[in-house]
Amino acid sequence: MSARVNNLFQLRPRRGLSSGTPIFRSVRTYASKEVITTDKAPAALGPYSQAIKTNQTLYVSGCLGLIPGTKDMKGPTAPEQAEQALDNMGAVLEAGGASYSSVVKTLVLLDDMDDFAAVNEVYSKYFPENPPARSCFAVKTLPLGAKVEIECIAEV
């Protein structure tokens, strides 16, 4: 038995039990981690994955409004970039066996909170019913001068 497995059971006397009786101590489940990638969305810009699947959960990294295969934004406005970011997120969700309807949480980052309403209008088209929980923050800058970045967590 490995040290980790052996550590789950301890042979020691316990009140009312004889010496040598296995005592259940704890159970630890170590989830497997699967890296998810797709060419239908822009590659990661740094040392991270487009998404990670573990157990029944998919963690999608922040998506920008980049046109796949390029370093060009779809357009200069936050709504245009939000639409492309959500399309990119959809491609990663699909590669990980999920969909927009299985998203349970999103995080939207904006470079200007004045774009909140316009981005909401685009966002609502992707989550028309039972939208996921969401946080939205304005940040000083985003990678490549983006106006919007969106990440999510989905059930698989």
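Preceding this section is the structure that the text describes.
Residues numbered from 1 in each chain as written. Predicted model: local features only at pLDDT ≥ 70, side-chain atom pairs only at ≥ 80, totals over all residues. Heavy atoms only, no water.

Caption draft 1: Expanded view of the packing of aromatic side chains. Per the stated rule, a full pass over the model turns up three aromatic pairs. Where tyrosine 100 meets tyrosine 126, the ring centres are 5.3 Å apart and the plane angle is 65 degrees; that geometry is what we call edge-to-face. Of this pair, tyrosine 100 sits in the loop between α2 (78-95) and β6 (103-110) while tyrosine 126 is found in helix α3 (residues 116-126), placing the two residues 26 residues apart along the sequence. The buried category is assigned to tyrosine 126, whose relative accessible area is 17%. (Phe/Tyr/Trp six-rings, centres within 6.5 Å; stacked < 30°, edge-to-face > 60°. Helix = DSSP H or I, 4+ residues; strand = E, 2+ residues; numbered from the N terminus. Buried < 20%, exposed > 50% of the residue type's maximum accessible area, 1.4 Å probe, protein only.)

Caption draft 2: Expanded view of the side chain of aspartate 115. Its location among the elements puts aspartate 115 in the loop between β6 and α3. Residue contacts for aspartate 115: discarding those within four places in its chain leaves Ala78 and Leu110. (Contact = heavy atoms within 4.5 Å.)

Caption draft 3: A look at the environment of proline 42. Within the element layout of this structure, proline 42 appears in the loop between β3 (33-36) and β4 (51-54). Classification of proline 42 by relative accessible area gives buried; the value is 14%. Once the C-alpha coordinates of proline 42 and threonine 70 are considered, the two residues, 28 residues apart in sequence, prove to be 7.4 Å apart. Ignoring anything within four residues of it in the chain, the contact list for proline 42 reads Gln50, Leu66, Ile67, Pro68 and Asn88.

Caption draft 4: Structural detail: the side chain of glutamine 84. The residue glutamine 84 is located in helix α2 in this model. Once you skip the residues sitting within four places of it in the chain, glutamine 84 turns out to touch Leu64, Gly65, Leu66, Ile67, Pro68 and Lys74.

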